Amino acid sequence: MERNLESPDLRHIHITDKLFGEYVKKVSEVMIPHLWKILNDTLEDAEPTYCIRNFRIAAGEIEDERRGVVFQDTDLYKWLEMVAYAIAGGQGKEYEKLADEVIELISRAQEKDGYLNTYFTVNAPDRKWKNLAEGHELYTAGHMIEAAVAYYGATGKEKILRIAEKNADLICRRFGTGEDQMRGCPGHQEIELALVKLYRVTGKKEYFETAKYFIEERGKEPNYLAGEIAGRKGPEFFPELKNCDLAYYQADMPVKEQTEAVGHAVRVMYMCAAMADIAKECQDEELLAACMRIWESATKRRMYITGGIGSSGFRERFTTDFDLPNATNYSETCASVGLMMVGQRLAMATGDAAYYDVVEQALYNTVLAGINIRGDRYFYVNPLEVVPQFCTEHTYMDHVKCKRQKWYNVACCPPNLGRTLASLGQYIYAQGKDSIYINQFISSDMETQLQQGSIRVEMESELLQNGRVQIKAVTENGGKLKIRIPKYAEGWEVSDSSLKNCGQDAGGYLVLELPAGSAEFTLRFAISPHWICANPEVKEDNGKTALVRGPMVYCLEEIDNGRLLSQIYVDADAAVKEMPPMENLVGEVPTLTYQGLRVKNVVTDGSLYGRLAYETEKVTCKAIPYCMWNNRGEGEMLVWQKVKIL
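Everything numeric here is computed off the predicted structure, so don't read it as measured data. (Residues numbered from 1 in each chain as written. Predicted model: local features only at pLDDT ≥ 70, side-chain atom pairs only at ≥ 80, totals over all residues. Heavy atoms only, no water.)

Undergrad: Got a sec to walk through empty space enclosed by the protein? Specific residues and values, please.
TA: If you walk through the whole model with that rule in mind, you get four cavities of 30 Å³ or more. Reported here for the largest cavity is a volume of approximately 60 Å³. Considering the residues around the largest cavity, the lining is formed by D17, K18, L19, F20, Y364, F441, S461, L463, L464, Q465 and G587. When residues in the lining of the largest cavity are grouped by element, the largest group, three residues, is from helix α17 (residues 463-466). Along the lines of polarity and charge, the residues of the lining of the largest cavity split into six nonpolar, three polar and two charged. (1 Å grid on protein atoms, 1.4 Å probe; cavity = no way out; pocket = protein on both sides within 12 Å on 5 of 7 lines; lining within 4 Å. Points joined across faces, edges and corners; volume = space filled by probe spheres on them. Helix = DSSP H or I, 4+ residues; strand = E, 2+ residues; numbered from the N terminus. Nonpolar A, V, L, I, M, F, W, Y, C, P; charged D, E, K, R; others polar.)

Quick look at the structure:
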């Protein structure tokens, strides 16, 4: 199988999908202006972020104290990255002038030596680079660099790229093993993958070498983060990190020795994304193997059916194998975005289509659940079971919200979600020397150059409606089309026998030979609703089942099925019927109905407990895609349902 694949230029990919097209449009029509109001503190009934104001203070245009969380700058950078991808996709041109003004502001806030961070410039200039564990300086720089690369790629304008290079040059001079350099690594990974992106655009080898250094330095003795934390005698920015273990930072051992997904879930994923990138660039099989071990740990033993990861609300972290509670879990939206990033990179490095099964699982479920269908409300935490009256403040359920929020004080998830949706094309297509890869069945078109000439692919997907995907390819001199066969497909066929079917390659892709000129064919996947059970080690889900159809997990909502959803039992042998989509949702995705049994405990005198007595009632259950829950009001939600055994 072919390795070391690349992403086509996002400027030549356009999303037209019934489902994802709606969400992509919301990025430019709703999310970008919504976030702009947040950044400028003009959104009604939302707490101030001080973000734009902080940059103006750092630029010397306002005299005041810098406010907000220490990494507040990243909200502006992710906004800029979102704008860049929207422009690349043909939907954000109207924001280019505003983005240019933002870039000018960022330039004015940058110090002469390239340093760029409003917190340390304004509030603590003598504390630069002295708290890498908590201060997020390198994390913040990474998001600025990612935004710069994206904006340059979308517009060709170099201003922000030069800002990023100046900042990266400072970081490269500052960190390393040289006599005048500082040996250290970031508490929150991000700079590593950003420097690889900058290297690929500029060709400057020092950026790649510094990214590689940060990965290799992590967990090495003498352990930089251990020494820094011990010397400080307590947290500076985040009190909850008191007595935090090194595994939280993935710094308890060298990266190449790590075997499990541990600690803060987002940090793990950003680290693995960089590991895959670096391994791909320098053919480091040992580093790639370590990344794959961590991936296996996360996806085979510590991931929810929705593609959510990081089950603990305590420090947003992984816990142990099979610890997957449904009502109290965290499953941060950013962590699933990170999971997608890693899966894509591992597939590009190895040519193995199976990684995209997990990418798809996270995308269609947890990631899409992070935003409402209007585009202006967001989930940070993504539980699989909700009873609104239990989601109370100042309790163990404080982190779980029963409805999406306008914004969050720590607002990494909404803009992260926005930049992911705006750049969705990178998860749909990949390319090799003579091949185009289709990894997701999302209606779109793309064009690019292969070694033998140009190729254009148009895909019209009705995967979620009837399993049918129509594909048209126009090539200059032929080529190969490689199509992922998803693991949920119960069967599949290609309608056009005139195409040479080469079977499946070692990576699991169906390989079709394309002639010069035009070729059209239909791919049909057999998909149907079916019940899923969890590994018996997942104690939370023993005796329970979840309903899936294709890539989508389904759930029950109170609005359709009444309250006390926990009373409902399902017969796994009962027929599940596909019904028309709900008019007030999006994407024309079928709803599902089936017969269930509601078992009601009976306590006649109103006591809290009584002798066992119950009554039963046959009910018709209606399930909707999990990603669309809480779009029709507040109420209970349930994914895993009890199975009627006797």
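Undergrad: If you had to explain the sheet that holds strand β4 (residues 435-438) to someone new, which residues and values would you point to?
TA: Taken in spatial order, the five strands line up as β3-β4-β8-β11-β10 in an open sheet, and their pairing is mixed. Each edge of the open sheet is held by one strand with a lone partner, namely β3 (429-431) and β10 (500-504). Mean inter-strand twist for the sheet, computed between neighbouring axes without regard to direction, equals 20 degrees. As defined by bridge partners, β4 adjoins strand β8 (residues 479-484) across four bridges and the pair is classed as parallel. Across the sheet, residue Y437 finds its bridge partner in β8, namely K482. (Pairing = 2+ DSSP bridges. Axes fitted to C-alpha atoms, helices over the stretch in contact; angles between N-to-C directions.)

Undergrad: Residue-level account of the pattern of salt bridges, with values.
TA: Tallied over the entire structure, the rule returns 53 salt bridges. Between R200 and E281 there is a salt bridge, with its nearest N and O atoms 2.7 Å apart. Of this pair, R200 sits in helix α8 (residues 191-202) while E281 sits in helix α11 (residues 265-282), and the two are 81 residues apart along the sequence. Taking relative accessible area as the criterion, R200 reaches 37% and is therefore assigned partly exposed. E281 gets classed as partly exposed once you look at its relative accessible area, which sits at 32%. Here D376 ties to R377 by a salt bridge, and the two come within 3.5 Å at their closest N and O atoms. Residue D376 is classed as buried on the basis of its relative accessible area, which comes to 10%. (Salt bridge = Lys/Arg side-chain N within 4 Å of Asp/Glu carboxyl O. Buried < 20%, exposed > 50% of the residue type's maximum accessible area, 1.4 Å probe, protein only.)

Undergrad: How would you sum up α11? Please name residues and give values.
TA: For α11, spanning 18 residues, the distance from its first C-alpha to its last is 26 Å, which sits close to the expected 26 Å at 1.5 Å a residue. Most of α11 sits out of view: 16 of its 18 residues are buried. Count one or two residues on from α11 and you reach Q283, which has phi positive near 55 degrees. (Expected span 1.5 Å × (residues − 1).)

Undergrad: A description of the sheet that holds strand β6 (residues 453-462) should follow, citing residues and the corresponding values.
TA: Across a sheet, paired strands are connected by hydrogen bonds in the backbone, their directions being either parallel or antiparallel. Read across the sheet, six strands follow the order β1-β5-β6-β7-β12-β9 without closing on themselves; strand pairing throughout is antiparallel. Of all the strands in the sheet, the pair left with one neighbour each is β1 (13-15) and β9 (492-494). Direction aside, neighbouring strands of the sheet carry axes that sit 15 degrees apart on average. Pairing between β9 and strand β12 (residues 517-525): three bridges, direction antiparallel. Of the residues in β12, the one forming a bridge with E493 is R524.

Undergrad: An account of the pairing of strand β18 (residues 591-601) is needed here, citing residue identities and associated values.
TA: Here is the key point about a regular strand: its side chains alternate between the two faces of the sheet. Counted residue by residue, β18 has eight buried out of 11 residues, so it is predominantly covered. Bridge count between strand β16 (residues 568-570) and β18: three bridges; the pairing is antiparallel. The partner of I568 across the bridge, within β18, is R598. When strand β17 (residues 577-579) meets β18, the two strands line up antiparallel, connected through three bridges. Note that in β18 the partner of M579 across the bridge is T591.

Undergrad: How would you summarise the packing of aromatic side chains if you had to cite specific residues and measurements?
TA: Scanning the entire structure with this criterion turns up 20 aromatic pairs. Relative to F237, the ring of F120 has its centre 6.2 Å away and its plane inclined at 80 degrees; by these criteria the two rings are edge-to-face. Here the residue F120 occupies a position in helix α5 (residues 118-122), and F237 occupies one in the loop between α10 (224-232) and α11, the gap between them amounting to 117 residues. Each member of the pair, F120 together with F237, is buried. For the pair W295 and Y355, a centre-to-centre distance of 5.6 Å together with 65 degrees between the ring planes defines the contact as edge-to-face. Linking W295 in helix α12 (residues 285-301) with Y355 in helix α14 (residues 354-369), this pair joins segments that are 60 residues apart in sequence. For Y355, a relative accessible area of 8% gives the class buried. Cluster of aromatic residues (ring-pair linked, three or more members): Y115, W129, F175, Y213 and F214. Here the basic side chain of K128 rests over the ring of Y115, its NZ or CZ set 4.4 Å away from the ring centre. (Phe/Tyr/Trp six-rings, centres within 6.5 Å; stacked < 30°, edge-to-face > 60°. Lys NZ or Arg CZ within 6 Å of the ring centre and 35° of its normal.)

Undergrad: So what's going on with the packing of helix α13 (residues 333-350) against α14? Which residues, and what values?
TA: Contact geometry of α13 with α14 gives a least axis separation of 8 Å together with a crossing angle of 160 degrees. With respect to their mutual orientation, α13 and α14 come out roughly antiparallel. When the axes of α13 and α14 are compared, the crossing they make is left-handed. In this structure, α13 uses S336, V337, L339, M340, G343, Q344, L346, A347, M348 and T350 to contact α14, whose residues at the interface are Y355, Y356, V358, V359, A362, L363, T366 and V367. Counted by class, the contact of α13 with α14 contains 13 nonpolar, five polar and no charged residues. (Parallel < 35°, antiparallel > 145°, perpendicular 65-115°, else oblique. Left-handed = near helix turned anticlockwise from the far one by under 90°. Contact = heavy atoms within 4.5 Å.)

Undergrad: Any chance you could break down helix α7 (residues 159-174) for me, citing the residues and the numbers?
TA: The first and last C-alpha atoms of α7 sit 23 Å apart over 16 residues, in line with the 22 Å expected at 1.5 Å per residue. All of the buried residues along α7 are I160, L161, I163, A164, E165, N167, A168, L170, I171 and C172. Two residues or fewer after α7 comes G176, characterised by a positive phi angle close to 150 degrees.

Undergrad: With reference to specific residues and values, describe the nonpolar core.
TA: Across soluble globular proteins, nonpolar side chains show a tendency to be buried alongside one another. Ranked by size, the top nonpolar core spans 230 residues in total, and within it L19, I106, I145, M275, I483 and V639 carry the most contacts. The residues touching L19, leaving out its near neighbours within four places in the chain, are Y364, L368, L464, M552, V586, G587 and M628. (Core = buried A, V, L, I, M, F, W, Y, C linked by side-chain atoms within 4.5 Å.)

Undergrad: Describe the state of the cysteines, with residues and values.
TA: Tallied over the entire structure, the rule returns zero disulfides. Here C555 is not disulfide-linked; the sulfur of C627 is the nearest cysteine sulfur, at 8.7 Å. (Disulfide = S-S within 2.5 Å.)

Undergrad: Residue-level account of the packing of helix α2 (residues 51-58) against helix α3 (residues 73-88), with values.
TA: Remark: α2 packs on α3, axes separated minimally by 8 Å, with the N-to-C direction vectors making an angle of 105 degrees. If you check the angle between α2 and α3, you find them roughly perpendicular. Residue-level inspection shows C51, I52 and F55 of α2 in contact with α3, the latter providing D73, D75, L76 and Y77. Here the contact of α2 with α3 is composed, by residue class, of five nonpolar, no polar and two charged.

Read these as layout, nothing more, since geometry by itself doesn't imply function.
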